[in-house]
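These are the residues of each chain, in order.
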Amino acid sequence: MNNRALKTIGLYPGSFDPITNGHLDIIQRASRIVDHLIVGVAENKKKAYFFSMNERKELIQDSISNNKEVSNNVNVEAFDGLLMSYAEKIKAKVIIRGLRAISDFDYEFQMTGMNARLNSNIETIFLMASEKHQFISSRFVKEICALNGEIKTFVPKEVEKALKKKLQKK
Ligand code: PNS
């Protein structure tokens, strides 16, 4: 068995449009559980994102690099198509998702069930969002910022800057 086969590769997929402190907290904690964590940034051609793929990836990368709590076993990669095909391609053993409120459960339950049918060897595990980040959502962060509200406590400073800059241009 080679070294790579022995390592537990975790995949944390999402839209990250943009990354929030809640996502960052999950990245931090997940990176301590697996040997190698891939943050998979989804590109769905039918979805209109606020930030481009490059911007979303860059904001995650910068937020990770500037955060001492995140270990150096994290990589940020783009993926399109089926999540489970991508998970197989990168040899992920587990998919990690964050759970905030009960309202997340239905969607996550369905997605996990269907993904398990596609490949039952890849487990999905859930990390509860920490108390501080329970309610943060990328959608509301964008809305609050667009309405000139304070978003400092919800997102990394790189994201705050990027959001303000982008909203000024629009
Ligand atoms: O952060 P999000 O938007 O909740 O992430 C959702 C994501 C990207 C994980 C989900 O939409 C996904 O897995 N997309 C890839 C397409 C896919 O595999 N669809 C079937 C899901 S059962």
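Placed above this text is the structure.
1. Thoughts on the site of the ligand
Stage number 1. The environment of the ligand is formed by Gly14, Ser15, Ala42, Lys47, Gly81, Leu82, Leu83, Arg97, Tyr107, Met111 and Asn115.
Stage number 2. Here an oxygen atom of the ligand sits 2.6 Å away from a polar atom, N or O, in the side chain of Ser15.
Stage number 3. Here an oxygen atom of the ligand and a backbone polar atom of Leu83 are 2.8 Å apart.
Stage number 4. Computed on the free molecule, the ligand has an accessible area of 550 Å², of which 70% lies beneath the protein chains in the complex.

2. So, helix α2 (residues 21-33)
An α-helix turns once per 3.6 residues; consequently, residues spaced three or four apart project the same way.
Stage number 1. The end-to-end C-alpha distance of α2, which contains 13 residues, comes to 19 Å, matching closely the 18 Å that a straight helix rising 1.5 Å per residue would cover.
Stage number 2. When you tally the buried positions in α2, you get 10 out of 13 residues, the bulk of the element.
Stage number 3. Residues Asn21, Gly22, His23, Leu24, Asp25, Ile26, Ile27, Gln28, Ala30 and Ser31 constitute the buried set of α2.
Stage number 4. The N-capping residue of α2, defined by a side-chain oxygen 3.2 Å from the backbone nitrogen of Gly22, is Thr20.

3. Let's talk about the side chain of His133
Stage number 1. Counting through the fold element by element, His133 comes out in the loop between β5 (123-128) and α6 (138-146).
Stage number 2. Contacts of His133, omitting those with residues within four sequence positions, involve Asn21, Gly22 and Asp25.

4. Regarding the packing of aromatic side chains
Stage number 1. The full count for this structure, using the stated rule, is five aromatic pairs.
Stage number 2. Arranged with centres 4.9 Å apart and planes meeting at 10 degrees, the rings of Phe79 and Tyr86 form a pair that is stacked. For the pair formed by Phe79 and Tyr86, the shared burial category is buried.
Stage number 3. Lying across the ring of Tyr49, Arg56 places its NZ or CZ 3.7 Å from the centre.
Stage number 4. The residue whose ring lies beneath Arg139 is Phe140, and the NZ or CZ to ring-centre distance is 4.6 Å.

5. Side note on the sheet that holds strand β4 (residues 94-99)
Picture the strands of a sheet paired through backbone hydrogen bonds; they go either parallel or antiparallel.
Stage number 1. The parallel open sheet is built from five strands, whose spatial order is β3-β2-β1-β4-β5. Each edge of the sheet is formed by a strand with only one pairing partner; in this case those strands are β3 (74-80) and β5. Between one strand and the next, the sheet's axes are offset by a mean angle of 35 degrees, whatever the strand orientation.
Stage number 2. By the bridge criterion, two bridges tie strand β1 (residues 9-14) to β4 in an arrangement that is parallel. Along β4, the bridge assignment pairs Leu11 with Ile95.
Stage number 3. Seen against the sheet, helix α5 (residues 102-118) touches β4 and β5 and runs at an angle of roughly 170 degrees to β4.

Calculation notes
- Residues numbered from 1 in each chain as written.
- Predicted model: local features only at pLDDT ≥ 70, side-chain atom pairs only at ≥ 80, totals over all residues.
- Heavy atoms only, no water.
- Near = heavy atom within 4 Å.
- Polar contact = N/O pair within 3.5 Å; in protein donor to acceptor, adjacent residues only side chain to side chain.
- Areas by Shrake-Rupley, 256 points an atom, 1.4 Å probe, with all protein chains shown as cover.
- Helix = DSSP H or I, 4+ residues; strand = E, 2+ residues; numbered from the N terminus.
- Expected span 1.5 Å × (residues − 1).
- Buried < 20%, exposed > 50% of the residue type's maximum accessible area, 1.4 Å probe, protein only.
- Contact = heavy atoms within 4.5 Å.
- Phe/Tyr/Trp six-rings, centres within 6.5 Å; stacked < 30°, edge-to-face > 60°.
- Lys NZ or Arg CZ within 6 Å of the ring centre and 35° of its normal.
- Pairing = 2+ DSSP bridges.
- Axes fitted to C-alpha atoms, helices over the stretch in contact; angles between N-to-C directions.

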